[in-house]
Amino acid sequence: MLPTLRRVLAGILLTAALAPAGAAETTDGPSGRMQVVRVLTMRDYNTRVVVVGVSLLGLAAGLIGCFMLLRERALLGDALSHATLPGIALAFILMTALGGSGKSLAGLLIGGTVSGVIGVAAILLVVHLTRIKEDAALGIVLSVFFGLGVVILGVIQSLELGQAAGLKSFIYGKTASMVFSDALTTGVAAGLVILVCLLLYKELTLLCFDPGFAQAQGWPVVLLDVVLMALVVVVTVIGLQAVGLVLMVALLVIPPAAARFWTNHLPTMLLAAAVVGAGSGLVGALLSAVVPRLPAGAVIVVAAGGFFAISLVFGRARGLLHRLRQQRRLARTVAHQHLLRAMYELSEPPTAASAPATSLRFEQLLGQRTWSARQLRRTLRAAVKQGLIATADGDTGYVLTPAGRQAAWRVARNHRLWELYLITHADIAPSHVDRDADEVEHVLDPVLLERLEALLSRQYPDLATPPSPHRLERIAALAGAAGGTGG
Amino acid sequence: MTPAVIAAFEWLPLDTWIVMVGALSAAACALLGSFLVLRKMSLMGDAISHAVLPGLALAFLLSGSRSGVVMLVGAGLVGLLTTLFTEWVHRTGKVEQGAAMGVVFTVLFAIGLILIRLSADHVDLDPDCVLYGAIELTPLDTLRIGSWDVPRAVLVGGGVLLLNTLVIALLYKELKISAFDPALATTLGINARLMHYLLMTLVAITTVAAFESVGSILVIAMLIVPAATAHLLTDRLSLMLLVSVLLAVASALVGHLAAILAPGWFGLTGVSTNTAGMMAALSGLLFGLTMVFAPRRGLLSRLWQRADLALRIAREDLLGILFRLEESGRPPRYRAQGLLRRLAVWQLGRRGSVLAVGGTTQLTERGRLEAAGLVRSHRLWEAYFGTHTSLGPDHIHHPAERLEHVTDAGLQRRLATSLGDPVTDPHGAVIPPADKPAPSAEKSLPPKATGRRLEQ
């Protein structure tokens, strides 16, 4: 867990360090440089407020997003954030009509929360009461509610109520105008999310991984779902101002999806998602403060996208490189074991186990399987380095060392046990078992071997080194002949 | 902006064009939407319509013009890339489909926003325009065809509609099979993946063509909502396509009317609002209405079916009770309690099956016939369970009680034949004979007039 974390942190710091450096080149002149330094050291009060607020938002969204991702409801946040628009616009009209300023943030956010909750309820209703599937229900609520919001905004515009322009900031976000109270609100919301996640950690985990089991165990699944939704609503509504409702879903989806590449362990994933979320907020806020005209919300999302791309490639648990490495390691092991078995089978028939091992020529080995010369040479080199195979006859021949002979015997035995099992118990013709056994010989574990031995011990007396069901001498002779004529 | 001063409602040629633009774009979207909804890929439309933003911006930056073709190509390519990226992240990165979509389209949209903002001096593109379009302005941008000034948006919308119709008509069978059963499609030699990408390309092209006039929000609404509404109304794909197109056109027409008129209903005279938004909201209203009132799958209809069934069972149970009371020699009187039973008694009385005497209820001759049929079914089932299953005599009543309501004359006859026409059930009760052709199913009852005459 710790090395994972260290890598995540290192990656984030690296990106954070590189990204503003790249941005710095776009501003020129000494005054520009000064400005960059000022921003990066957060000497401005405003920058500090924005950076802290946005980072906290990213942290909270990352945390709660993990549970949403695992609950397979990643895109619910999208519908939810779009569904807040009519509420915000209506709240504006209502507050103006009542003689208020219409711009009271709390009032607007309450309106957004109400219509967001109605939107989520509508999704659940449509899914439960009709044959419409969840994806279409999300799309319906998203587009219809947003359309409704646009309609009400249109009314507000043509009424010329003034100050209406501020409402647009909910659509695209207006990070730079964040003030201290906004950061405080975000902080409180983030604290709430962290607290609930800690208190209900076990319950939420259960809900995400096995809701059926949770229900059977008597947990209030519906209530837990409602709590989860409520947290998402809180985070979304708080985040509207910062990144806007179109992109809010990015903060809920991307950090958890990125964190998932680094770990298979939920607490680590939560931590990593929080770090990625906060990191994206940090990078985005700083970058947009350095480069003029850069929309902060969009930069935050692109920064999160960058973290996602890095995680996709380098993630330690599911990243592409990691998986590639695993695949290659497996391929090497398989090739290695195939080589050992080939040498064992070539040298087995004429010589007893105690006799000195025969030296085999490269061509002989090459004829034993369908492998390329390059592949064989590489595998041979690795095996020689491991001390399982030694060169003989002045580097023209290869011979199994005692350790190699032991390993080769084990692989050959696995292979033959499986072949015998297939012949006796699966009723497969001896000519057809070799391919199957080829695949299984590498993965037989001791427990399985024991059971195979128990199953086969009655029919086959010599299980220590069972005979091959094929005529190996012939194969070996043929290979030898081919190698002989070739050489 | 909307033509803000339309004091009284007045239909102008302008309005006709606006409705036409909306209807053509909406119909083009709705055609594809049916396939998206059936394949559970509705949100791909959402993703693509957001993700084309950077494509538009780049095409504009590179070509320096708002020429339709360049924009169409640029955005179409990005739309296809969105599909490929999403697929790739989903398969290679093993990220859940929804999340993969969310990652890809938000990042692309954000990149688009940044591109537009950074080149604000050169790009005459407004993110607002992308989100909710400027359908009210489309009639002003016209092309001269013959002696007509036709708005460009009408031509674009019509073209896309034509393209979609053509592709769907030509590949109807292939698209249909791949939508319902991709595995079957593959075994039949149809390339389901190719169909998928073809569909996504069409979605991208349609989105891009429509975005300028109606905005992406209307595109998403029209891709999903009419098709989902049609899905509630029919089980046939061909009909679903037709219905969704009609719904889309209706939303466009009524949406425009409502955009002009609706503010007036709230006492805001001289105010009109965003047409595209209203069209989207209208399609949502149509969906809501369908959800409640649809003939077979609507909530009301399902509620009604359930109530109807409950009432029939109450009626039949009542007849059974009265019959058994008579049979046991007790006074065949029954006082109905509860709304459902009272309603059942009332219905049976109207039909002439029971007679209300002094606040109690008795069977008439006709009712006795019906009841005998029901009780016969019940006891035959008990006999059947007693003979053919290992259920004990104390466990056969409940299943028989349930089955008696769904046993028609034919089934009753076969039941009796297979049991060798038993006289009594396992409890020893006499099974009423079937000499009179009046088994349980109400359909085969004699006409009402007979009942009345019997009663008299």
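Preceding block: the structure.
Residues numbered from 1 in each chain as written. Chains lettered and ligands numbered in written order. Predicted model: local features only at pLDDT ≥ 70, side-chain atom pairs only at ≥ 80, totals over all residues.

Asks: Just checking my understanding: could you explain the overall build of chain A for this structure?
Replies: Secondary structure assignment for chain A yields 21 helices and three strands. For chain A, the proportion of its 487 residues judged to be buried stands at 46%. The long-range share in chain A, meaning contacts at least 24 apart out of those at least 6 apart in sequence, stands at 73%. (Helix = DSSP H or I, 4+ residues; strand = E, 2+ residues; numbered from the N terminus. Buried ≥ 20, exposed ≤ 12 C-beta atoms within 10 Å, placed from the backbone. Contact = placed C-beta atoms within 7 Å.)

Asks: What should I look at first to understand the overall build of chain B in this one?
Replies: Tallying secondary structure elements over chain B gives 17 helices and four strands in all. When the 456 residues of chain B are sorted by exposure, 48% land in the buried category. At a minimum sequence separation of 6, the contacts of chain B that also span at least 24 residues come to 72%.

Asks: In this structure, what is going on with the sheet that holds strand S2 (residues 389-392) of chain A? I would like to understand it.
Replies: Backbone hydrogen bonds are what pair the strands of a sheet, in a parallel or an antiparallel way. Residues and elements named next belong to chain A. The three strands are arranged S1-S3-S2 in an open sheet whose pairing can be described as antiparallel. Bordering the open sheet on either side are strand S1 (360-361) and S2, each of which pairs with just one other strand. Lying over the sheet, helix H17 (residues 373-386) contacts S2 and strand S3 (397-400), oriented at roughly 105° with respect to S2. (Pairing = 2+ DSSP bridges. Axes fitted to C-alpha atoms, helices over the stretch in contact; angles between N-to-C directions.)

Asks: Please explain the packing of helix H18 (residues 402-425) of chain A against helix H19 (residues 433-440) of chain A as it appears in this structure.
Replies: Each packed pair of helices is defined by two parameters, the angle between the axes and the distance between the axes. Residue and element names in this part refer to chain A. Between H18 and H19, whose axes approach to 9 Å, the crossing angle comes to 130°. By the angle between their axes, H18 is oblique relative to H19. Considering the relative orientation of H18 and H19, their crossing is right-handed. Residues His-415, Trp-418, Glu-419, Leu-422 and Ile-423 of H18 pack against Val-433, Asp-434, Asp-436, Ala-437 and Val-440 of H19. The residue makeup of the contact of H18 with H19, split by class, is six nonpolar, one polar and three charged. (Parallel < 35°, antiparallel > 145°, perpendicular 65-115°, else oblique. Left-handed = near helix turned anticlockwise from the far one by under 90°. Nonpolar A, V, L, I, M, F, W, Y, C, P; charged D, E, K, R; others polar.)

Asks: Whenever I open this one, the environment of Leu-108 of chain B confuses me. Can you help?
Replies: Residues and elements named next belong to chain B. Inspection of the secondary structure puts Leu-108 in helix H4 (residues 97-118). Using a count of 26 C-beta atoms within 10 Å as the deciding quantity, one classes Leu-108 as buried. Ignoring any residue separated from it by four or fewer positions in sequence, one finds Leu-108 in contact with Ala-51, Leu-53, Pro-54, Val-78 and Thr-82.

Asks: Can you help me understand the interface of chain A and chain B in this one?
Replies: In many analyses, interface size is given as the accessible surface area lost on bringing the parts together. Between chain A and chain B, the contact holds 48 residues from the first and 54 residues from the second. Elements that contribute at least two residues to the side of chain A that touches chain B include exactly helix H5 (105-129), helix H6 (134-159), helix H12 (248-260) and helix H14 (296-314) of chain A. At 17 residues, the largest contribution of residues to the side of chain A that touches chain B is made by H6 of chain A. Across the side of chain A that touches chain B, the residue classes break down as 34 nonpolar, seven polar and seven charged.

Asks: I tried to follow helix H1 (residues 13-38) of chain B on my own but got confused; where do I start?
Replies: Along an α-helix, residues three or four apart share an orientation, since each turn contains 3.6 residues. An ideal rise of 1.5 Å per residue puts 38 Å on 26 residues; H1 of chain B measures up with 38 Å between its terminal C-alpha atoms. Along H1 of chain B, the sharpest kink reaches roughly 30°, centred on Leu-32 of chain B. (Expected span 1.5 Å × (residues − 1). Bend = angle between axes of the 7 residues up to and from the residue.)

Asks: What exactly am I supposed to notice about the nonpolar core here?
Replies: Nonpolar side chains in soluble globular proteins tend to end up buried together. One finds Ala-60 of chain A together with Val-104 of chain B to be the most contacted residues of the largest nonpolar core, which totals 226 residues. The dominant element in this core, judged by the number of residues it contributes, is helix H9 (residues 192-233) of chain B, at 26 residues. Setting aside residues no more than four positions away along its own chain, Val-104 of chain B makes contact with Ala-47, Ala-51, Thr-82, Phe-85, Thr-86 and Val-89 of chain B. Ranked by size, the runner-up nonpolar core spans 18 residues in total, among them Tyr-344, Leu-346, Leu-360 and Ile-389 of chain A. (Core = buried A, V, L, I, M, F, W, Y, C linked by C-beta atoms within 7 Å.)

Asks: Please explain the pairing of strand S4 (residues 360-363) of chain B as it appears in this structure.
Replies: Within a regular strand, side chains alternate between the sheet's two faces. All names here are of chain B. Where burial is concerned, the two faces of S4 differ: the one with Thr-361 and Leu-363 is buried and the one with Thr-360 and Gln-362 is not. Examined bridge by bridge, strand S3 (residues 354-357) and S4 share four bridges and lie antiparallel to one another. By the bridge assignment for S4, Val-354 is matched with Leu-363.

Don't take any of this as a statement about function, it's just geometry.
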